[in-house]
Amino acid sequence: MNKYLGHVWNSHADALIWVAVIAAFVPVLLMRDFTPNNEGRYLIIADEALHNRHFFSFTLLGEPYADKPPLYLWLVMLLRQLIGHHSMAALGLLSLLPACAVVQRMNVLCRDILSPSARRTAMLMLMTTAYFAGPAMVVRMDMLMCLFIVLALGTFWQMYRAETVSHRHQWLMGLWLFLALFTKGPLGLLIPIVTIVVFAATYRLTCRLGQWLNWRMWLVLPVGCAIWLTMAYHEAAGSYLYNLLFHQTVGRGFRAFHHARPFYYYLISLWYEWLPWSLLCVAAMVFTATRYRRVDALPRFLFIMTLTTLVLLSAISGKLQVYLLPAFPFVVYLAAWAIGGGMPRRWTLWSLAVPQAVLTLALPALLLAPTLAPLPMLMHPWLVAGASVLSLSAAAALYLLMGKADAERSVRVLAFGILATLLLGGMAMPTLNAIIH
């Protein structure tokens, strides 16, 4: 039986992973209500834009709304027109499909340093990381921007590795950067460019920046921005343009009027954002930093991207947990590399054992929760089933880790357990919708 299951896994592992991922997310996408304070805002903006026939300048309850670029709102408007109403399942795909594309692109990027088995482990880790799985099923533009950033940095890596930089890659770099900017704003442009500059500086290759960030890329950006801003000015005049370029951009960067946080905010938040792999990710960062000159170029690139994003976002006044999302694919794949890349075995054991031991208490914690807070919906049978699966999978993963010394298999067992928990917990969404806000 074990031999047969092993054959099935080796032959169809990628397909099985994607079936598990899609199955885990489907109940939430089909049965969750929109959050009125956040997702509902985008729906109102899209409806008002369609009513006013404005596609580059937006309003929220009649007031100018220059907070976000148009691309994601266009997609919301398009689905509204195609379906005839706002559908949670359809809009959720605008996050879930980019999340799947991020995983696929990272697999291509890291195929030279990760075996097929390690890539599957990384896939499962990324799709079960707390603040990656969350944005993969909410109505927000962050996952779409993350995809364009990953595509831009993947294109850069192809140029870095090529003997001759192709013009096609230079045009593509400009396109991905503009689409990232056009989806979320300046961070979509800053994160990849600063990462590339820092990487070039560490290898003393700044002389090649003109090949990677050349005039073709810089042509796409100003032309695209000129069309966007001209149309916004045509629709809403100069006050909207000023709000878009200065109040929302410079204001958020240096003196945030929303979400102002101290510089060390992400040094605290990453511990729960990267759960249950946060200890492993931090250990991989420390391991890479201590052997920085001895690691290969690609792990160093993954490390630089993560660290650069942390520093850059920490320097900006306005902060939210989800802003750190673009770093997740890079740090998780770095962690997958570190497991088999020479990181001390005790680091791997402890960084996995601690969260696994805690997760074995998921069911007892759920059963105890009603005695601490009046939330009877926590005793929903689907939630109890999900917590049971999580506790059992964490216990099995802990046994494989400590008893069999099989870190990769331990990670996969826990990850599949988390996906099963999400599937079972998602079946309780009709009840949980009452506490969504």
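The shown structure was predicted, so the numbers you read here are calculated from the model rather than taken from an experiment.

### Some remarks on the overall build of the chain
Alright, step 1. When helices and strands are tallied, the chain shows 21 helices and 2 strands.
Alright, step 2. Taken over C-alpha atoms, the radius of gyration comes to 22 Å for the chain, in line with the 22 Å a tight globule of 437 residues would show.
Alright, step 3. Projected onto the principal axes, the alpha-carbon positions of the chain cover approximately 65 × 55 × 40 Å.
Alright, step 4. Here the chain holds 437 residues, and the buried ones make up 56% of them.
Alright, step 5. The long-range fraction of contacts in the chain, counting pairs at least 24 apart against all pairs at least 6 apart in sequence, stands at 77%.
Alright, step 6. With an accessible surface of roughly 19,400 Å², the chain has 68% of that area assigned to carbon and sulfur atoms.
Alright, step 7. Both charge centroids of the chain, one from 30 positive and one from 15 negative side chains, sit 10 Å from each other.

### What to know about the pattern of salt bridges
Alright, step 1. Evaluation of the coordinates by the stated rule reveals 8 salt bridges.
Alright, step 2. Between Arg 80 and Asp 47 there is a salt bridge whose closest N-O contact spans 3.4 Å. Residue Arg 80 is located in helix H3 (residues 71-83), and its partner Asp 47 is located in helix H2 (residues 39-52); the two are separated by 33 residues in the primary sequence.
Alright, step 3. Judged by relative accessible area, which is 24%, Arg 80 ranks as partly exposed.
Alright, step 4. Connected through salt bridges with shared partners, the residues Arg 140, Asp 142 and Lys 184 form a single ionic network.

### Notes on the packing of aromatic side chains
When we look at a pair of aromatic rings, we describe it by the centre distance and by the angle of the planes.
Alright, step 1. Taken as a whole and assessed by the stated rule, the structure comprises 26 aromatic pairs.
Alright, step 2. Residues Tyr 42 and Tyr 72 carry aromatic rings whose centres are separated by 6.4 Å and whose planes lie at 75° to one another, so their mutual orientation is edge-to-face. Remark: Tyr 72 occurs in helix H3 and Tyr 42 occurs in helix H2; sequence separation between them is 30 residues.
Alright, step 3. What makes Tyr 42 buried here is its relative accessible area of 1%.
Alright, step 4. Relative accessible area serves as the criterion here: at 0%, Tyr 72 is assigned to the buried category.
Alright, step 5. On the numbers, 5.3 Å between centres and 85° between planes, the contact of Phe 263 with Tyr 264 is edge-to-face.
Alright, step 6. Since its relative accessible area comes to 59%, Phe 263 is described here as exposed.

### Some thoughts on H3
Alright, step 1. Taking 1.5 Å of rise per residue, the 13 residues of H3 would be expected to cover 18 Å, and the 19 Å separating its terminal C-alpha atoms lies within 8% of that figure.
Alright, step 2. Among all positions in H3, only Leu 71, Tyr 72, Leu 73, Val 76, Met 77 and Leu 79 are buried.
Alright, step 3. For H3, the secondary structure elements touched by its buried residues are H2, strand E1 (58-60), helix H4 (88-109), helix H7 (142-161) and helix H8 (167-183).
Alright, step 4. Where H3 ends, the next residue or the one after it, Gly 84, has phi of about 95°, a positive value.

### Considering the side chain of Glu 48
Alright, step 1. Mapped onto the fold, Glu 48 is located in helix H2.
Alright, step 2. It is Arg 41 that comes nearest to the buried, bridge-free Glu 48 among opposite-charge side chains, at 11 Å.
Alright, step 3. At 2.5 Å, the side chain of Glu 48 forms a polar contact with the side chain of Thr 59.
Alright, step 4. Residues within four places of Glu 48 in sequence aside, it is in contact with Thr 59, Leu 60, Leu 61 and Gly 62.

### Here we look at the environment of Ala 387
Alright, step 1. Mapped onto the secondary structure, Ala 387 falls in helix H19 (residues 381-402).
Alright, step 2. Not counting chain neighbours up to four residues away, the residues in contact with Ala 387 comprise Ala 362, Leu 363 and Leu 366.

### Some remarks on the nonpolar core
Alright, step 1. In terms of nonpolar packing, the biggest core is built from 159 residues, with Trp 212 and Tyr 333 touching the most fellow members.
Alright, step 2. It is H7 that provides the largest number of residues to this core, a total of 15 residues.
Alright, step 3. Apart from the residues within four sequence positions on either side, Trp 212 is in contact with Phe 156, Met 159, Tyr 160, Val 165, Met 173, Ile 196, Ala 200 and Leu 205.

### Some words on the side chain of Arg 105
Alright, step 1. Following the sequence through the fold, Arg 105 ends up in helix H4.
Alright, step 2. At 10 Å, Asp 112 is the nearest oppositely charged side chain to Arg 105, a buried residue that forms no salt bridge.
Alright, step 3. Beyond its immediate sequence surroundings of up to four residues, Arg 105 is in contact with Val 150, Leu 151, Gly 154, Thr 155 and Gln 158.

### Description of the packing of helix H18 (residues 362-372) against H19
Alright, step 1. As a packed pair, H18 and H19 sit with axes 7 Å apart at the nearest point and diverge in direction by 150°. Taken together, H18 and H19 sit at an angle that is classed as roughly antiparallel. Along its contact with H18, which presents Ala 362, Leu 363, Pro 364 and Leu 366, the element H19 presents Leu 383, Val 384, Ala 387, Ser 388, Leu 390 and Ser 391.
Alright, step 2. When its residues are assigned to classes, the contact of H18 with H19 shows 8 nonpolar, 2 polar and no charged.

### Some thoughts on the environment of Arg 53
Alright, step 1. Checked against the element boundaries, Arg 53 lands in the loop between H2 and E1.
Alright, step 2. On the basis of relative accessible area, Arg 53 is assigned to the exposed category, the value being 54%.
Alright, step 3. Through-space distance from the C-alpha of Arg 53 to that of Glu 235 is 9.5 Å; in sequence the pair is 182 residues apart.

### Comments concerning the state of the cysteines
Alright, step 1. Counted according to the given criterion, the structure contains 0 disulfides.
Alright, step 2. The thiol of Cys 146 is not disulfide-bonded; the next cysteine sulfur, from Cys 100, is found 12 Å away.
Alright, step 3. The closest cysteine sulfur to the non-disulfide-bonded Cys 281 is located on Cys 110, 13 Å from its own sulfur.

Rules of the game
- Residues numbered from 1 in each chain as written.
- Predicted model: local features only at pLDDT ≥ 70, side-chain atom pairs only at ≥ 80, totals over all residues.
- Heavy atoms only, no water.
- Helix = DSSP H or I, 4+ residues; strand = E, 2+ residues; numbered from the N terminus.
- Rg over C-alpha atoms; globule rule 2.2 N^0.38 Å.
- Buried < 20%, exposed > 50% of the residue type's maximum accessible area, 1.4 Å probe, protein only.
- Contact = heavy atoms within 4.5 Å.
- Areas by Shrake-Rupley, 256 points an atom, 1.4 Å probe, with all protein chains shown as cover.
- Lys, Arg positive; Asp, Glu negative; His and termini not counted.
- Charge placed at Lys NZ, Arg CZ, Asp CG, Glu CD.
- Salt bridge = Lys/Arg side-chain N within 4 Å of Asp/Glu carboxyl O.
- Phe/Tyr/Trp six-rings, centres within 6.5 Å; stacked < 30°, edge-to-face > 60°.
- Expected span 1.5 Å × (residues − 1).
- Polar contact = N/O pair within 3.5 Å; in protein donor to acceptor, adjacent residues only side chain to side chain.
- Core = buried A, V, L, I, M, F, W, Y, C linked by side-chain atoms within 4.5 Å.
- Axes fitted to C-alpha atoms, helices over the stretch in contact; angles between N-to-C directions.
- Parallel < 35°, antiparallel > 145°, perpendicular 65-115°, else oblique.
- Nonpolar A, V, L, I, M, F, W, Y, C, P; charged D, E, K, R; others polar.
- Disulfide = S-S within 2.5 Å.

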